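Remarks on the overall topology
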Amino acid sequence: MITETRLRLRRIARRIGWSTLALLATPVVIAFIWLRFFGLPLSTKNYLLSEIQRRHVLPYPVAMDRLLLSPTGALLADKVTVYRDASRSETLLYVDQVRIGIAWLSWWRGRGIVNSATIANADVRLPIGPTETAEFRNVNADFAFDGRDIRIDNAQARFLNLELGVRGIIHNEGFQPALTLTPEQRKQQVAAREDIFRSVKKALADIASPQPLDVELDFETSTRDLVGGRADFSIDGQNLAWRGAPVSEFGIHGTLGDGVVNLNEFKIGLERGELTAYGAWNLGEHSAVLQFTSSMDFTTFAPAFPGALGNALDRLDFPQDAPAMTGRVRFDLRNGFHADVQADLDWRNFTFNGVNFTQLTVPLAYDGKRLLIPGLKLAGSAGNVDLEFLYDHTQDAPTLQGKIDSTLDPTILKGVFGPGFDNFLASCSFPQGGPHLTATAVGNAL
């Protein structure tokens, strides 16, 4: 009898225990579900935003739609907007969701409350203007904040046909002051920004590859002087097609430091030969220099250039020696665009339209106002050409000096400039070789 009574008491106690536990757990579960799907109170969100701005966690104003609680208890900022400046008139970027790390001990000691942020498999939109937006897919990034610096650890994203990898440090020096622009100036600024973005999209659309181009950036900069920082950057791709023309290898490697962008290596590798270049761009002086060397058989680019150039490339062949070209280009951007070019072209043992040539050499110099070709030489079975040429536009009335000695048969140009020119060439016949032309010209150019 006593045993039976004890069992009954135990059952009652167990039921009371489970009931009590359920009674206590129910509001906790309800609260968790509420916070998970409907978010924390508005006062909590506003407090977090005020702390982010007061502690300068980010150098730009931030807004969010809701502040949610994740299943693991972390805070999730939903639909985060970062503005370009304190006026909040333009959006810098928009992120679907950001996981926020809270530094409780730091906050208790009167320092910043946010010490980290994480973006996982998110979409990030960067408005360029009213009609253009850069969309980054599969964004994964870790950010750390210490009240002074913003550290970006191994951020990854997909943008068009680029696979981006970014690491860096931003020294936080507060809000960037907003420029005072008239409505017309702001409109022009946005339009220029959109034009540049459309040009980038068009250039990338010309490139096809089985894998996206790999872009890596490692940098250190300040919110007050973005250009004054340092950076290492690279772009690499294999087995590409540019406008339908095959490209075996493409690479750009460079650095930024002390206001100078150094191009350590630029390379285009084809099935035969390659183009390499290096140079520097002084951002403060608005000047640049580029030196290049080419041994690539560029005739494979014929499909990329419709019209006369594509036709000419399609009829050009280098069965033995690769075409060689070297040169240097200096750019002066202080007053518009000014280029100073020096180049030497040297082709040996090639064919054009099935006609054999042993040599084409072209030394060339151009400074924006003067074009000098001191000794072009072409030799082949269809005739020879020797040319000296100077065009000078340094004075109000441009002058021209030229000398040519040619026995070239012009009918080798059939199929290059279209049916009209072909009809003219068809009316010409030179059974004894090309016409012998000798001429000298000196005087004012038209």
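Report on the accompanying structure. Everything quoted here is computed from the prediction, not taken from an experiment. (Residues numbered from 1 in each chain as written. Predicted model: local features only at pLDDT ≥ 70, side-chain atom pairs only at ≥ 80, totals over all residues. Heavy atoms only, no water.)

1. Re the overall build of the protein chain
Here is the rule: Helix and strand definitions here come from DSSP, where helices need a minimum of 4 consecutive H or I residues and strands a minimum of 2 consecutive E residues; each element is numbered from the N-terminal end. Relative accessibility decides the category of a residue: with a 1.4 Å probe and only protein chains considered, values under 20% of the type maximum give buried, values over 50% give exposed, and everything between is partly exposed. Where accessible areas are quoted, they stem from the Shrake-Rupley method and a 1.4 Å probe; at the residue level, only the protein chains shown are allowed to cover.
Regarding its fold elements, the protein chain presents six helices and 22 strands. The buried share of the protein chain, reckoned over its 446 residues, is 33%. For the protein chain, the exposed area adds up to about 26,400 Å²; of that, 59% sits on carbon and sulfur atoms.

2. Brief notes about the pattern of salt bridges
The cut-off we apply is this: Counted as salt bridges are all cases of a side-chain nitrogen of Lys or Arg within 4 Å of a carboxyl oxygen of Asp or Glu.
Throughout the structure, instances matching the rule amount to 17 salt bridges. Where Asp 232 meets Arg 230, a salt bridge forms, and the shortest distance between an N and an O atom there is 3.9 Å. Linking Glu 274 and Lys 267 is a salt bridge whose minimum nitrogen-to-oxygen distance equals 3.4 Å. Assessed through its relative accessible area of 31%, Glu 274 is described here as partly exposed. Given the relative accessible area of 18%, Lys 267 is considered buried. Linked by salt bridges that have partners in common, Arg 167, Glu 216, Asp 218, Glu 220, Arg 230 and Asp 232 make up one network.

3. Considering a nonpolar patch on the surface
Quick reminder of the rule: Residues qualify for a patch when their relative accessible area is over 30% and they have no salt bridge, like charges being joined within 9 Å and the nonpolar side chains of Val, Leu, Ile, Met, Phe, Trp and Tyr within 5 Å.
Where nonpolar side chains cluster on the molecular surface, the patch consists of Trp 281, Leu 333 and Phe 337 and spans about 330 Å² of accessible area. Its location among the elements puts Phe 337 in the loop between β16 (324-332) and β17 (338-352).

4. Remarks on unusual backbone geometry
Its identity is not glycine, yet Asn 239 carries a phi of approximately 50°, on the positive side. Checked against the element boundaries, Asn 239 lands in strand β10 (residues 225-242). Relative accessible area serves as the criterion here: at 55%, Asn 239 is assigned to the exposed category. Non-glycine residue Asn 353 carries a positive phi angle of around 55°.

5. Structural notes on the packing of aromatic side chains
What counts here: To pair, rings of Phe, Tyr and Trp, with the six-membered ring standing in for Trp, must have centres within 6.5 Å; the planes then decide the type, stacked if under 30 degrees apart, edge-to-face if over 60, and tilted in the middle.
Scanning all chains against the criterion turns up 11 aromatic pairs. With centroids separated by 5.7 Å and ring planes inclined at 40°, the aromatic side chains of Phe 318 and Phe 350 adopt a geometry described as tilted. Placement of the pair is Phe 318 in the loop between β15 (316-317) and β16 and Phe 350 in strand β17, with a sequence separation of 32 residues. Judged by its relative accessible area of 4%, Phe 350 falls in the buried class. Through a chain of ring-to-ring contacts, the aromatic side chains of Phe 298, Phe 318, Trp 347, Phe 350 and Phe 357 assemble into a single cluster.

6. Points about the pairing of strand β14 (residues 287-294)
Rules: A pair of strands is considered paired only if DSSP assigns at least 2 bridges between the two.
The pairing of strand β13 (residues 274-282) with β14 spans eight bridges and is antiparallel. Its bridge partner being in β14, Leu 275 is matched across the sheet by Ser 294. The turn joining β13 and β14, which pair antiparallel and follow one another in sequence, is formed by four residues; a positive phi near 55° is taken by His 286. Across eight bridges, the pairing between β14 and β16 is antiparallel. Each residue of the ladder has a partner; that of Ser 294, found in β16, is Met 325.

7. Considering the environment of Thr 326
Convention followed: A contact between two residues is defined here by any heavy atoms of the two lying within 4.5 Å.
Among the secondary structure elements, Thr 326 is positioned in strand β16. Among residues more than four places away in sequence, those in contact with Thr 326 are Phe 292, Thr 293, Gln 342, Ala 343 and Asp 344.

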